[in-house]
Amino acid sequence: MRELLYRLKDRYHFGTPTFQRDDLCFVTVKRSELRAILTELRDVEGFTHLTLLTAVDWIEEQQFQLTYMINNREANLTLALRVMLDREDATGDTIHDLWPTAATYQRELREMFGINFPGSPRVDEEFILEGWTDLPPYRRDFDTLAYSQQTYHDRPGRETHDPKTHMQKVLYADYPKGAK
Amino acid sequence: MFSFSPDRSQYPQPGPDGKVEVDLETGKYLKLWHGPNHPGITGNMSVELTVCGDEVVEGKTHVGYLHRGFEKLMERRTFIQVFPIVCRVCVPEPDFNEYCYAAAVEELAGIEVPEMATWIRTLILEMGRFNSYMMAMGGISGALGLGVVGQWMTYTRDLMLDRFEELTGARIYHMFILPGGVRAHLPEGFEGRMEEVLSTAERYLADAEKLMFHSSVFKTRTQGVGYIDPALFERYGVTGPNARAGGVAKDVRKDSPYLVYDQLDFTVHTEEASDIYARTMVRFKDLHETIQLIRQILKKMPKEGPVMGNLPNVLHWKIPRGETYIKGESSRGEYGYYLVTDGTGYPRRINVRGPSYTHAMALLEHLISGTNISDVAALMVSLHTYPPEIER
């Protein structure tokens, strides 16, 4: 793996690689070079299998991290390419022509993170959610508690108790507070 | 003798790109929803078919009936609180989620797992594989009208669920593999009771083999049907038995051994035809291999030793910033967990890579065009997909 990155580093700009295991390495690449790197790794270096494509929301740094994980099945090596996107302009480059299965991942990222992939097949169609108009739910700033409180109502006739005071009342009602 | 040759001269012809121009106004086409409540579907998903006569022109997979937002939910839980959630990502084979999550956390937190625990984990994974294959065999035979095989397989799976209950206290969601090891030792006399289950399973499988693989109806409906060109395997991310049925002898257990698979002796079975029959045959042979593996594990495993490593105080457990990917060979193909940590007490991101994600979406949509309505159920079941792991 080190040798492979060493060979490629003259032509592409890589960040500092993280060798998590002998067979797994993470490295950051430039968005403009991603397509060329993926094509070369697929066609020349035997990384023919797209294991997954997903995103991580680094909201503190105002960035999305796209992780393209590709696998060389003959040599049993997995390389994860990180691409950092500006959170305000979350647009990635589609790779569905390299791996048709990437279209599904991109459709999910569009829906769940709001990252657009122009040109990807059916990318604007609903994937899992139906009629969703709120913030994309997998973004860190989407507040699940506030959403459920606004959207759903408590069942009528159901009381909500503060666990601490309720347990005190139910279990230790006959004892003074703090006694066992 | 009855013969039926439909007149297909009025059927639509594909254009140069291989796709048919569908115009519903012509009255030649019909939209047909296959699922989500259809016996030929292994879970809560549906396929929107566009048919012309009995021929499927195109199909679109629809998921979302089972979305529970687990990946989001896990970001709001501490590392130990995630552990009861992960198994629920995949219902029929939950143990892979437990193993992959536990192994990812152990790697990033630098936790050692005792040897005894790795053997018990391997045993649990193989027991889960047994159950999953039993469901697959029952499903494929059921989709082709051999309901009795489905009942035998369900009964045999139930016997294995008894062993799960004995070992873990639960039948479906075991929550037994947790970061650091496993929860308990094997109970006394477990080996003998497991042997009873395995020999019963072998008896039923011998009968099922006669009823399925020696049946001319089964052969006619599966041989040459649902062919996946091996050239598509890489493009569509096909792994596991679906790829092995097309001659690709790849198995994560063999290629990059995890747990104690490097100390076990087993064969990676392949077929060449890459059709429904070949995929079923690969699963059938793998099921026998799993039975053999369970016996081997019980024979070779140490009889005593600790089952749990040293965990930090789980209420104040912070894991340094890092990321990793752990994979294993589930009954359906490569199963993986991508875990990202940010130095706090909560995971930053957990992504589940289930084999059904690629098999049931892009691949199924590609294969379904040009098939017959009556073959759709068998095609879907032969890919052995579980919708919960698509939408998590």
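**Q** So what exactly am I meant to see when it comes to the environment of A:Leu53 here?
**A** Within the secondary structure layout, A:Leu53 lies in strand 3 (residues 49-58). When the C-alpha positions of A:Leu53 and A:Leu135 are compared, they lie 21 Å apart, and in sequence the two are 82 residues distant.

**Q** I'm lost on the side chain of B:Arg279 in this one. Help?
**A** Residue and element names in this part refer to chain B. Following the sequence through the fold, Arg279 ends up in helix 11 (residues 276-300). It is Asp275 that comes nearest to the buried, bridge-free Arg279 among opposite-charge side chains, at 6.4 Å. In this view, Arg279 contacts Gly226, Ile228, Asn242, Ala245, Ser274, Leu379, Ser382 and Leu383; residues no more than four positions away in its chain are not counted.

**Q** Where do I start with the interface of chain B and chain A in this structure?
**A** Many analyses report the size of an interface as the accessible area lost when the parts associate. With 45 residues of chain B at the interface, the matching set in chain A holds 48 residues. Buried area between chain B and chain A, summed over both chains or domains, comes out near 4000 Å², and the portion from carbon and sulfur atoms is 47%. Linking chain B to chain A there are 7 salt bridges. When the shortest N-O distance is used, the salt bridge between B:Glu365 and A:Arg122 registers 3.0 Å. The tally of links from chain B across to chain A stands at 25 residue pairs in polar contact (both at pLDDT 80 or more). Residues that form the side of chain B that touches chain A fall into these classes: 13 nonpolar, 11 polar and 21 charged.

**Q** In this structure, what is going on with the pattern of salt bridges? I would like to understand it.
**A** Where charged atoms from two side chains of opposite charge approach closely, those side chains can pair. Enumeration according to the criterion identifies 39 salt bridges over all chains in this entry. Residues B:Glu323 and A:Arg82 are paired through a salt bridge, measuring 2.5 Å at the closest nitrogen-oxygen approach. Remark: A:Arg82 occurs in strand 5 (residues 77-86) and B:Glu323 occurs in strand 6 (residues 322-330); the pair is interchain, linking two chains. Per residue, the accessibility class of B:Glu323 equals that of A:Arg82, and both read buried. A salt bridge links B:Asp158 to B:Arg171; its shortest N-O distance comes to 3.2 Å. In this pair, B:Asp158 is assigned in helix 5 (residues 147-168) and B:Arg171 in the loop between helix 5 and strand 4 (177-178), connecting sequence segments 13 residues apart. Judged by its relative accessible area of 35%, B:Asp158 falls in the partly exposed class.

About the thresholds
Residues numbered from 1 in each chain as written. Chains lettered and ligands numbered in written order. Predicted model: local features only at pLDDT ≥ 70, side-chain atom pairs only at ≥ 80, totals over all residues. Heavy atoms only, no water. Helix = DSSP H or I, 4+ residues; strand = E, 2+ residues; numbered from the N terminus. Buried < 20%, exposed > 50% of the residue type's maximum accessible area, 1.4 Å probe, protein only. Lys, Arg positive; Asp, Glu negative; His and termini not counted. Salt bridge = Lys/Arg side-chain N within 4 Å of Asp/Glu carboxyl O. Contact = heavy atoms within 4.5 Å. Buried area = accessible area lost by both parts, 1.4 Å probe. Polar contact = N/O pair within 3.5 Å; in protein donor to acceptor, adjacent residues only side chain to side chain. Nonpolar A, V, L, I, M, F, W, Y, C, P; charged D, E, K, R; others polar.

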